[in-house]
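Chains, contacts and geometry: an overview
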Amino acid sequence: MTLYLIKNGPMQTTAAFAGVTTGTAIKTMLQVKLGATLVTSRAKIVEWGCSFNGSAAATPGKVELITTGSIKATITEFVAADITNLEDPNAAANTDDNPFAYGAAGDESGYTASAEGSITAVRSLAGPQYIAPTTQYSWQFPLGREPVFRYDEYMRIRMHFGAAVDAACYVIIEV
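Conventions and cut-offs
- Residues numbered from 1 in each chain as written.
- Predicted model: local features only at pLDDT ≥ 70, side-chain atom pairs only at ≥ 80, totals over all residues.
- Heavy atoms only, no water.
- Helix = DSSP H or I, 4+ residues; strand = E, 2+ residues; numbered from the N terminus.
- Buried < 20%, exposed > 50% of the residue type's maximum accessible area, 1.4 Å probe, protein only.
- Contact = heavy atoms within 4.5 Å.
- Phe/Tyr/Trp six-rings, centres within 6.5 Å; stacked < 30°, edge-to-face > 60°.
- Lys NZ or Arg CZ within 6 Å of the ring centre and 35° of its normal.
- Core = buried A, V, L, I, M, F, W, Y, C linked by side-chain atoms within 4.5 Å.
- Pairing = 2+ DSSP bridges.

**Re the environment of Tyr 154**
When you line up the elements, Tyr 154 lands in the loop between β11 (148–150) and β12 (155–160). Accessibility expressed as a relative area gives 7% for Tyr 154, which makes it buried. With 84 residues separating them in the primary sequence, Tyr 154 and Ser 70 have C-alpha atoms 6.8 Å apart. Setting aside chain neighbours within four positions, we find Tyr 154 in contact with Gln 31, Val 32, Lys 33, Ile 66, Thr 67, Thr 68, Gly 69, Ser 70, Ile 71, Lys 72, Asp 107 and Glu 108.

If you want it as structure tokens, here you go:
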């Protein structure tokens, strides 16, 4: 089992990590799908969190960690460098479908949804949380109590704010 850090944006290189606007409608900020090599597997969510760059106190937004079965959001897909192996700095680069799906099939794992899809079933893994746009939230699940998702589900961090604010969110997953 290996731990991976996945954020809602491209890997920072010469520039700092850039948050993504929440907008004012419900929006998937981060979506993760297991790859075809894990077709009989599941993944544990060890930790998740988010922070915002609001400069004044305002009405809190709703933040939730869910799965949506076969319905996916239309997102900007990850590339291999966007997913960090936390346990082995010398590990080979991630590839599409090993261990996460991104790239070839489209709209599998990525960030910043432009469309939510017609969700018919949701499984709530944590939250919803009401979080002020001037603060942050993180949660590390107790050992043995981590929620899991299957290869045929889309894990998502979704947000809904009354006024747009930039957000950074992440999840640490054990696969």
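There is more to say after this.
**Structural notes on the packing of aromatic side chains**
Each aromatic ring pair is described using two quantities: the centre-to-centre distance and the angle formed by the ring planes. Summed over the entire model, instances satisfying the criterion amount to four aromatic pairs. Arranged with centres 5.4 Å apart and planes meeting at 65°, the rings of Trp 48 and Tyr 137 form a pair that is edge-to-face. Taken together, the positions of Trp 48 in strand β4 (residues 42–52) and Tyr 137 in strand β10 (residues 136–140) put the pair 89 residues apart, joining distant regions of the chain. In this structure, Trp 48 and Tyr 137 share a single accessibility class: buried. Relative to Tyr 111, the ring of Phe 78 has its centre 5.7 Å away and its plane inclined at 45°; by these criteria the two rings are tilted. Within this pair, whereas Phe 78 is found in the loop between β6 (74–77) and β7 (83–85), its partner Tyr 111 is found in strand β8 (residues 110–115), the two being separated by 33 residues in sequence. Comparing Phe 78 with Tyr 111 shows no difference in burial state: the two are buried. A cation over an aromatic ring shows up here: Lys 33 above the ring of Tyr 154, its NZ or CZ 5.5 Å from the ring centre.

**Structural notes on the nonpolar core**
Counting residues in each nonpolar core, the largest one holds 36 residues, and the members touching the most others are Phe 100 and Met 159. Considering each element in turn, this core owes the most residues, five residues, to β4. If we skip the residues at most four places from it in the chain, Phe 100 touches Tyr 4, Ile 6, Val 32, Lys 33, Leu 34, Gly 35, Ile 83, Thr 95, Ser 109, Ile 173 and Val 175.

**Digging into the pairing of strand β5 (residues 61–67)**
Of all seven residues making up β5, six are buried, and the element is well covered by its neighbours. Bridging between β5 and strand β9 (residues 123–131) involves six bridges; their strand directions are antiparallel. Looking at β9, one finds that Lys 62 is bridged to Tyr 130. As paired elements, β5 and β12 share six bridges and run antiparallel to each other. Counted as the bridge partner of Glu 64 is Arg 158 from β12.

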